[in-house]
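# Geometric and topological summary
Here is what each chain is made of, one letter per residue.
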Amino acid sequence: MSKKTAGMMLTLMGGLCWGLSGCMGQYMFSVLGMDSKWLVPIRLGLAGVLMLIYCFIRYGKQTIAPWKNRMECIELLIYGLPGVAVCQFTYFLTIQLSTASFGTIMQDLSPVFIMIVMCIKKRKRPELIQVTAIILALVGVTLVSSHGDLANLGAQSTAIIVGAISGFCVMIYNVVPVHLINKYPISIMQAWSFAMGGVFLGLVFRSWNIHYVPDIRGIIGIIFVIVVGNILAFTLYMKGVSYIGPEKSILYGFSEPLVAAIVGIAFFKNPFTFADVIGFICIFLMLFLITKANAKAA
């Protein structure tokens, strides 16, 4: 299998895992009464501990190597905190405020942020195809968040803002660690980012003061989002990024909102109108145009 094909498959599977994890998050928030401020620190912290144990067993001293280089240390901190940790919290908070399908579609705004960063970095204006992609993204998000009725936008305003932050953070962990993912195993980066994120968010939200005791359904849900949504999803997706780059990976990661939408309609009876269909099409076209523009630039 070529690296291009492998990268495509890995990012597709990573998106699939994220979509399923988001739906499980919606179930825990809407049915079990969990709070994202309680769930996400525990999710990240436990995933970090498990992966660090794995990395020390498999890679030994290489596991702590990024901390011995000043620039790599800075990259890892940026990747792990504003990248992975804040992304994970804002993603689940968006789901808590709305639905899993909306949370995932907001994350898919990340190519717009990647494109803007690349334009600034290269000091050039966006091309027509890129401007068209931005317009499609705005139209798509408006349709999906309002379900065709603009009066619904006010009720979704907080979810829209938090979701946009989530998409921005996706850009961070796609763009920042290019050097790291080429030098170190993905699992080492994931282990440290999860562990740092769990500690950081736990301290910020003082999660120990949130009195919630999960039942057996909650425990199964937590295990699911840790294994599928953290360990599998991030590892598969970031490995795909290392093969085909962040721009193309974003396109194949579109499996995430599709899975979330299908599961949400089937199990949670989430609203899905004709306007939502058009909105999804707009987002997909946006991803396609940005990928095409990147291929042309390359």
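Each remark here, short or long, concerns the structure printed above.
In short, a report on the structure.

Conventions used here
- Residues numbered from 1 in each chain as written.
- Predicted model: local features only at pLDDT ≥ 70, side-chain atom pairs only at ≥ 80, totals over all residues.
- Heavy atoms only, no water.
- Helix = DSSP H or I, 4+ residues; strand = E, 2+ residues; numbered from the N terminus.
- Rg over C-alpha atoms; globule rule 2.2 N^0.38 Å.
- Buried < 20%, exposed > 50% of the residue type's maximum accessible area, 1.4 Å probe, protein only.
- Contact = heavy atoms within 4.5 Å.
- Lys, Arg positive; Asp, Glu negative; His and termini not counted.
- Charge placed at Lys NZ, Arg CZ, Asp CG, Glu CD.
- Polar contact = N/O pair within 3.5 Å; in protein donor to acceptor, adjacent residues only side chain to side chain.
- Core = buried A, V, L, I, M, F, W, Y, C linked by side-chain atoms within 4.5 Å.

For the protein, the helix and strand inventory stands at 12 helices and 0 strands. Moving toward the C terminus, one meets the helices and strands of the protein in the order α-α-α-α-α-α-α-α-α-α-α-α. Here the C-alpha radius of gyration of the protein, 18 Å, is about what a compact globule of 298 residues would show, namely 19 Å. Along the three orthogonal principal directions, the C-alpha set of the protein runs to about 55 × 50 × 35 Å. Relative to its full complement of 298 residues, the protein shows a buried share of 53%. Put simply, 87% of the contacts in the protein that link residues at least 6 apart link residues at least 24 apart. In the protein, 21 positive and 10 negative side-chain charges are present, and the distance between their average locations comes to 11 Å.

Below, the discussion takes up the side chain of Glu72. Structurally, Glu72 is set in helix α3 (residues 70–97). On the basis of relative accessible area, Glu72 is assigned to the buried category, the value being 3%. In this structure the side chain of Glu72 is engaged in a polar contact, spanning 2.7 Å, whose partner is the side chain of Lys183. Discounting chain neighbours no more than four positions away, the residues touching Glu72 are Ala65, Pro66, His179, Leu180, Lys183 and Tyr184.

In terms of nonpolar packing, the biggest core is built from 57 residues, with Met34, Leu39, Tyr173 and Met238 touching the most fellow members. Mapped onto this core, the elements with two or more residues apiece are α1 (3–30), α2 (36–59), α3, α7 (157–175), α8 (178–183), α9 (186–205), α10 (216–252) and α11 (255–267). Residue contacts for Tyr173: discarding those within four places in its chain leaves Trp18, Tyr79, Gly83, Val84, Cys87, Phe234, Tyr237 and Met238. Counting 22 residues, the second largest nonpolar core, distinct from the first, contains Leu136, Ala137, Leu287 and Ile290.

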